[in-house]
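If you want the building blocks of each chain, they are given just below.
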Amino acid sequence: MKKLIISIVLVNLLAACASEPKKEAAAPAPAPKAEAPKAAPAPAPKAEVDPLNDPNSILAKRSTYYPFDVSVVQEADKPVVQAHAKYLSEHANRKVRLEGNCDERGSNEYNLGLGQRRADGVNKMLVLGGAKADQLESVSYGEEKPMASGHDEASWSQNRRTDLNYTK
């Protein structure tokens with residue numbers, strides 16, 4: 001009987017070793033998280049570009065040109081002056097100096113007067129287009145600030161001009 005008890009104990013031990021261990025109830029696997037819909041990245045904010053600094057803008061043109069001994073703004077330059085007038089009317093804090101220039105022909109006194117008439121003509125067009133008078137200053141340099149240094153029509157035509165120089 002002793003053998004029988006030992007045999008039963010051994011069989012139980014072997015059975016206990018042979019059986020798979022009880023698995024603990026595994027926690028339920030987390031449900032796959034629904035991914036938030038991927039939003040398209042926000043477009044980078046566009047930096048406001050001042051049209052004066054845009055080389056493709058008509059405002060990049062800052063000179064009007066004249067035939068010999070003429071102070072009236074030419075038809076070809078009127079859109080440029082009108083665009084600057086509109087810009088100035090919308091930007092009351094901006095100021096511009098209108099610089100009248102001439103070619104080297106004529107006396108210094110005559111050229112100073114002609115340069116002033118050219119600058120004043122652009123000034124008048126700007127005011128008529130909406131700019132305020134206190135945004136504008138007209139000066140004449142006569143023949144003192146040539147754009148081109150030659151002594152021929154090609155150079156002189158570049159020197160007969162009014163420059164629009166924006167100031168801070």
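Quick look at the pattern of salt bridges now. Applying the stated criterion to the full structure yields 9 salt bridges. Between K78 and E75 there is a salt bridge, with the nearest N and O atoms lying 2.7 Å from each other. Taking the relative accessible area as the measure of exposure, K78 reaches 25% and is therefore partly exposed. With a closest N to O distance of 3.1 Å, D103 and R160 form a salt bridge. With a gap of 57 residues between them, D103 in the loop between β2 (95–101) and α3 (108–128) and R160 in the loop between α4 (153–159) and β4 (161–167) connect regions that are remote in the sequence. Pair check on accessibility: D103 and R160 agree, each one buried. Here the salt bridges do not stand alone but share partners, grouping D103, R105, E153 and R160 into one network.

Another aspect to go through is helix α2 (residues 78–90). Across its 13 residues, α2 extends 18 Å between first and last C-alpha, which sits within 8% of the 18 Å expected from 1.5 Å per residue. Residues of α2 that are buried include every one of V80, V81, A83, H84, A85, Y87 and L88, and no others. In this fold, the buried residues of α2 make contact with β1 (63–65), β2, α3, β3 (136–142) and β4.

Reading across from one edge, β1-β4-β2-β3 is the order of the 4 strands in this open sheet, with mixed pairing throughout. Each edge of the open sheet is held by one strand with a lone partner, namely β1 and β3. Ignoring strand direction, the axes of neighbouring strands in this sheet form an average angle of 20°. With 6 bridges connecting them, β2 and β3 associate as parallel partners. From the neighbouring strand, G100 faces β3, where its bridge partner is S140. Relative to the sheet, α2 contacts β1, β2, β3 and β4, its axis offset from that of β4 by approximately 20°. In the packing of α3 onto the sheet, contacts are made with β1, β2, β3 and β4, and the angle to β3 comes to roughly 155°.

Reading guide: rules and limits
Residues numbered from 1 in each chain as written. Predicted model: local features only at pLDDT ≥ 70, side-chain atom pairs only at ≥ 80, totals over all residues. Heavy atoms only, no water. Salt bridge = Lys/Arg side-chain N within 4 Å of Asp/Glu carboxyl O. Buried < 20%, exposed > 50% of the residue type's maximum accessible area, 1.4 Å probe, protein only. Helix = DSSP H or I, 4+ residues; strand = E, 2+ residues; numbered from the N terminus. Expected span 1.5 Å × (residues − 1). Contact = heavy atoms within 4.5 Å. Pairing = 2+ DSSP bridges. Axes fitted to C-alpha atoms, helices over the stretch in contact; angles between N-to-C directions.

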